[in-house]
Amino acid sequence: MEVKFNDVSFSYGKNVIFDKLTCSISSGLISAIIGSSGSGKSTMLDLIDGLIPCSNGYVSVGNYKVNDSIRKSIGYLFQFSDDQIFNSSVYKEIEFGLKCFKCDNIDSRIRDSVKLVGFEESILAMNPYKLSNGEKRKVAIASILAYDPDILILDEPTVGLDNISKNCLIKLFKDLKKAGKTIILVSHDINFIHKFVDYIYLIKDGRIYLEGNKYDVLSNEEAMSECGLVVPSILHFSNLVYNKKGVKIGYRDEINDLIKDVYRYAKW
Amino acid sequence: MDNMIVINKLSFKYDYRVIFNNLCLSIKKGKFTTILGNNGCGKSTLVRLLTGLEDSNGSISIDGVILNNSSLSSIRRKIGVVFENPDNTLISETVMEDLAFPLENLNCSRDYIYSKINEISKYLGIDHLLNRCPRDLSGGEKQLVGLGCALITGPELIILDEAFSMVDSMSKLNMLKLLRRIKKDYNVTILNISHDIEESIYGDDIIVINDGKVVIHDSKKNVYREEKLLNKLGFELPFMVSLSNKLSYYDLLDKVVYDMEDMVDLLWK
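Residues numbered from 1 in each chain as written. Chains lettered and ligands numbered in written order. Predicted model: local features only at pLDDT ≥ 70, side-chain atom pairs only at ≥ 80, totals over all residues. Heavy atoms only, no water.

1. A word on a nonpolar patch on the surface
Selection rule: Patch definition: residues with relative accessible area over 30% and no salt bridge; like charges joined within 9 Å; nonpolar side chains (Val, Leu, Ile, Met, Phe, Trp, Tyr) joined within 5 Å. Accessible surface is estimated by sampling points in the Shrake-Rupley manner with a 1.4 Å probe; for residues, cover comes only from the protein chains shown. What makes a salt bridge here is a side-chain nitrogen of Lys or Arg within 4 Å of a carboxyl oxygen of Asp or Glu, nothing more. Numbering of helices and strands runs from the N terminus; a helix is a DSSP stretch of H or I covering at least four residues, while a strand is a stretch of E covering at least two.
Together, Phe86(A), Phe96(A) and Tyr129(A) give the surface a local cluster of nonpolar side chains, amounting to about 320 Å² of exposed area. On the secondary structure map, Tyr129(A) appears in the loop between α3 (106-116) and α4 (133-145).

2. Structural notes on the interface of chain B and chain A
In plain terms, the rule: Only heavy atoms matter for contacts: two residues are in contact if any of them lie within 4.5 Å across the pair. Here the quantity called buried area is the accessible surface, traced with a 1.4 Å probe, that two parts lose on coming together, added over both.
Facing the 38 residues of chain B at the interface are 44 residues of chain A. Between chain B and chain A the total buried area reaches about 3,800 Å² when both faces are included, carbon and sulfur atoms providing 63% of it. Of all residues in chain B, Asn39(B), Phe239(B) and Trp268(B) give up the largest surface area on contact with chain A, accounting jointly for 19% of the area buried on that side. Seen at the junction of chain B and chain A, the total is 4 salt bridges. The salt bridge involving Lys244(A) is made with Asp265(B); its shortest N-O contact spans 3.0 Å.

3. Observations regarding helix α3 (residues 95-105) of chain B
As a reminder of what qualifies: For each residue, the accessible area found with a 1.4 Å probe, counting protein chains only, is set against the maximum for its type, and the residue is called buried under 20%, exposed over 50%, and partly exposed in between.
For α3(B), the full list of buried residues reads Val95(B), Asp98(B), Leu99(B), Ala100(B), Pro102(B) and Leu103(B). Where the residues of α3(B) are buried, they touch α4 (110-124) and α5 (139-151) of chain B.

4. Observations regarding the sheet that holds strand β2 (residues 17-28) of chain B
All names here are of chain B. Test applied: Should DSSP find at least two bridges between two strands, the strands are regarded as paired. A fitted line through C-alpha atoms represents every axis, and for helices the fit uses only the stretch in contact; the resulting angles, taken between N-to-C directions, go from 0 to 180 degrees.
Ordered in space as β2-β1-β4-β5, the 4 strands form an open sheet in which the pairing is antiparallel. Both edges of this open sheet fall to β2 and β5 (65-66), since each of them pairs with a single strand only. For strand β1 (residues 3-14) and β2, the ladder comprises 8 bridges, and the chain directions are antiparallel. If you follow Ile5 over to β2, its bridge partner there is Ile27. The sheet contacts of helix α1 (residues 43-50) involve β1, β2 and β4 (57-62), and relative to β1 the element is tilted by about 115°.

5. Notes on the environment of Phe235(B)
Among the structural elements, Phe235(B) can be located in the loop between α8 (227-232) and α9 (239-249). Residue Phe235(B) is classed as buried on the basis of its relative accessible area of 2%. Residues Phe235(B) and Asn85(B), 150 residues apart in the sequence, show an inter-C-alpha distance of 24 Å. Residue contacts for Phe235(B): discarding those within four places in its chain leaves Asn163(A), Leu36(B), Gly37(B), Asn38(B), His195(B), Ile197(B), Val208(B) and Leu230(B).

Right, dumping it as structure tokens:
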């Protein structure tokens, strides 16, 4: 289900966030919206989920304008877990969405969803407010995975997560993409997202400054700096080698692949 | 060197969940120490214990004074904290009012308050934000204001509790470099509590906590040598350290190089 912004305008009071924004987010991909704080990233997600209405224009998901009827197709992760979690046990927290959407097999869905984010079932009895921030984050993610939405909208999914949990999420996102899901996320964690995203929207002052595949956008030093961001270290290294020494070693996702290129070219 | 923090046989649990089990650690004065740990290991709980927001078994001393009910007030004056979510700590209508708040609580004079606001806001590069509403600021700007609120009372210890998790990459880099300067210029002990090992590059020492205990405590140089142990605990080496180590394996480097430009110059001499 493609997500489209059709001449969307939105303001918070007198503060104009978007002015006739038009863009398409393809289905079946993992897309990231990046930009500095205050650029409008989270607002874009809120508009997709219909949490806030457009002043003008509209957002569509597939053939439908965003409204309550498509809510079950969208799983939304809030930027702050404390805004999302409100039940007295992890079990009840995850159960809530399933009951709202009248899903079947509630118990097995709950147990499967916590395993997907790397928890043991023993977490289900715990009070979410007594969990660490990172653990709350994973509970919030599990609660939206449980009702199996077609589109996952994730606002800063890795905030508070350690490496183990982040790697678990990478695997999860890749599996969800294989299953045909669309994932749209906002993240400050550039060094994390470059490992698995397909497409990037770099936004500044409420407009798409640059979009493209991850290497085209994330390696663009000028564009990233203009938008208040830093190029991922592994891509910055390749840029530096080219800019300083005229040697093109290519862009890699993993250090081990980068090492092979460096070894080959540095030995010349 | 004197210790700023000494924790001795600290045990703590939430209901039936054990967080710390006879935890012992010490933080040296004047150092920039990074405490690393995975989710649920007790990082934020440690901050709450150090600031007296929670009671525990065992002892905690700050700058040689045992933390208890009678010393709590004087100890808290020595500590500034920057929390993860600045929206929970910035409460005023302007940045100036938020910076003034800690000093007003200490009954400082108006003149003193204004001179400190002037000094700290210029030092941190946020003087242009003084009349802005904190809620309208970017994440990075909010955390700089939070750091200003922590620094303005002249603490001896600044604790950062996952303070960079909601901050963009450029702001994070600037803040970490700023903390290094603050350590020197204001003679402050810095304690950065995080799950991100990359932040430790800017510090001096590293402590890794796992299963309620200290697993590693050493200079960052020595900790980075323990790659297998770090991997076992779920940490990868910081990018430049990992790159240096792997390049050394291929005889392309013979030391850890932290600066990327220096590394490129060395590789393509």
